[in-house]
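Here is what each chain is made of, one letter per residue.
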Amino acid sequence: DTEVTQTPKHLVMGMTNKKSLKCEQHMGHRAMYWYKQKAKKPPELMFVYSYEKLSINESVPSRFSPECPNSSLLNLHLHALQPEDSALYLCASSPSHRDVFEKLFFGSGTQLSVL
Amino acid sequence: GDSVTQMEGPVTLSEEAFLTINCTYTATGYPSLFWYVQYPGEGLQLLLKATKADDKGSNKGFEATYRKETTSFHLEKGSVQVSDSAVYFCALGSSNTGKLIFGQGTTLQVKP
């Protein structure tokens, strides 16, 4: 199994809603990542978890709250988002953060629209 | 800081045409270089990579050679297919930051 599975594939939410994005991998990877990708732009790193601990936060606004309940799961909790937060949110994993260059696997993403 | 510059798209080719997508980089040290491909509605997939100067990465008919003297990693394919239509991202692994740095992406459209 070399998949990173993200749910839901599409999400529409209002600015007052609370929602969560989910990511799951069963490759035994110990590093997991959240990226944000705007249309026709490259992915931008948001968060890195290494061995279930947050190791990098790229100065992301607090309305995005990551969580890593165990080594296979990664969540991104969303609250009070703005329309400009509409984007494709990509989850990725690698065996460890040191392997991020060589063995990074991406999920298909959640397309988020904030109204 | 480390950076990647790709040729702007979109690139539109007829089937069986030769493809080149230019990529140059700026980096300290000896970065690894990558090409990722993103098909519509999907995440990124690693297409090929090269970890040191003069290495050639290849996969699915695509090739790229790590040229340290010209700081380039151009992507080539001898005969493109409609199924190659996608966005292609050049990236480098920055030893300074431990992060992947992506270029802006180049959209390729192949017409039958």
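These figures come from a predicted structure and were not determined experimentally.

Draft legend 1. Representation of the overall build of chain B within the structure. Scanning chain B for helices and strands turns up zero helices and 12 strands. Taken against the 2.2 N^0.38 rule, which gives 13 Å for 112 residues, the C-alpha radius of gyration of chain B at 13 Å falls within 12% of a compact globule. In terms of overall dimensions, chain B has a C-alpha envelope of 45 × 30 × 20 Å along the principal axes. For chain B, buried positions account for 45% of its 112 residues.

Draft legend 2. Quick peek at the state of the cysteines. Under the definition given, this model contains two disulfides over all chains. Sulfur-sulfur distance for the disulfide between A:Cys23 and A:Cys91 comes to 1.9 Å. An S-S torsion of about -70° defines the bridge between A:Cys23 and A:Cys91 as left-handed. Here A:Cys91 lies in strand S9 (residues 87-94) and A:Cys23 lies in strand S3 (residues 18-25), a separation of 68 residues in the sequence. Both residues of the pair, A:Cys23 and A:Cys91, count as buried. Note on cysteine connectivity: B:Cys23 is disulfide-linked to B:Cys90, with sulfurs 1.9 Å apart. Between B:Cys23 and B:Cys90, the disulfide has an S-S torsion of -70° and is therefore left-handed.

Draft legend 3. How the structure looks around the side chain of B:Asp84. All names here are of chain B. For Asp84, the position within the fold is in the loop between strand S9 (75-77) and strand S10 (86-94). The exposure class of Asp84 is buried, given its relative accessible area of 6%. Separated by 2.8 Å, the side chains of Asp84 and Lys77 make a polar contact. Excluding its chain neighbours within four sequence positions, the residues that come into contact with Asp84 are Phe62, Lys77 and Leu108.

Draft legend 4. A look at the layout of surface pockets. Space inside the largest pocket adds up to approximately 700 Å³. Contributions of two or more residues to the lining of the largest pocket are made by S9 of chain A together with S10 and strand S12 (106-111) of chain B. When residues of the lining of the largest pocket are assigned to their parent elements, the largest contribution, three residues, is made by S10(B). Looking at the lining of the largest pocket residue by residue, the classes come out as 10 nonpolar, 13 polar and six charged.

Draft legend 5. Here's a closer look at empty space enclosed by the protein. Residue and element names in this part refer to chain A. Scanning the entire structure with this criterion turns up two cavities of 30 Å³ or more. If you trace the second largest cavity, you find it lined by His29, Arg30, Ala31, Met32, Tyr49, Tyr51, Glu52, Cys68 and Ser71. For the lining of the second largest cavity, the residue count by class is five nonpolar, two polar and two charged.

Draft legend 6. Representation of the sheet that holds S9(B) within the structure. Residues and elements named next belong to chain B. Spatially, S3-S9-S8-S7 is the arrangement adopted by the four strands of the open sheet, whose pairing is antiparallel. The strands lining the two open edges of the sheet, one partner per strand, are strand S3 (19-21) and strand S7 (56-59). Recorded for the sheet is a direction-independent mean angle of 15° between the axes of neighbouring strands. In this structure, S7 lies alongside strand S8 (residues 62-65), joined through four bridges in antiparallel fashion. The residue bridging Ser58 from the neighbouring strand is Glu63, located in S8.

Draft legend 7. Region of interest: the packing of aromatic side chains. The final tally for this structure, using the stated rule, is nine aromatic pairs over all chains. Ring centres of A:Phe64 and A:Tyr89 lie 5.8 Å apart, and the angle between their planes is 35°; this geometry places the pair in the tilted category. Of this pair, A:Phe64 sits in strand S7 (residues 64-70) while A:Tyr89 sits in strand S9, and the two are 25 residues apart along the sequence. For the pair A:Phe64 and A:Tyr89, one class covers both residues: buried. Ring centres of B:Phe89 and B:Phe102 lie 6.2 Å apart, and the angle between their planes is 80°; this geometry places the pair in the edge-to-face category. Pair noted here: B:Phe89 is in strand S10 and B:Phe102 is in strand S11 (residues 99-102), with a separation of 13 residues, a long-range link.

Draft legend 8. The arrangement of the interface of chain A and chain B in detail. Residue-level contacts link 19 residues of chain A with 20 residues of chain B. Roughly 1500 Å² of surface becomes buried between chain A and chain B when both sides are summed, with 56% attributable to carbon and sulfur atoms. Here chain A is connected to chain B by one salt bridge. Close ionic contact of A:Glu58 with B:Lys99 constitutes a salt bridge, the shortest N to O distance being 2.5 Å. Remark: the boundary between chain A and chain B carries two residue pairs in polar contact (both at pLDDT 80 or more). Looking at the side of chain A that touches chain B residue by residue, the class counts come to 11 nonpolar, four polar and four charged.

Criteria and thresholds
Residues numbered from 1 in each chain as written. Chains lettered and ligands numbered in written order. Predicted model: local features only at pLDDT ≥ 70, side-chain atom pairs only at ≥ 80, totals over all residues. Heavy atoms only, no water. Helix = DSSP H or I, 4+ residues; strand = E, 2+ residues; numbered from the N terminus. Rg over C-alpha atoms; globule rule 2.2 N^0.38 Å. Buried < 20%, exposed > 50% of the residue type's maximum accessible area, 1.4 Å probe, protein only. Disulfide = S-S within 2.5 Å. Polar contact = N/O pair within 3.5 Å; in protein donor to acceptor, adjacent residues only side chain to side chain. Contact = heavy atoms within 4.5 Å. 1 Å grid on protein atoms, 1.4 Å probe; cavity = no way out; pocket = protein on both sides within 12 Å on 5 of 7 lines; lining within 4 Å. Points joined across faces, edges and corners; volume = space filled by probe spheres on them. Nonpolar A, V, L, I, M, F, W, Y, C, P; charged D, E, K, R; others polar. Pairing = 2+ DSSP bridges. Axes fitted to C-alpha atoms, helices over the stretch in contact; angles between N-to-C directions. Phe/Tyr/Trp six-rings, centres within 6.5 Å; stacked < 30°, edge-to-face > 60°. Buried area = accessible area lost by both parts, 1.4 Å probe. Salt bridge = Lys/Arg side-chain N within 4 Å of Asp/Glu carboxyl O.

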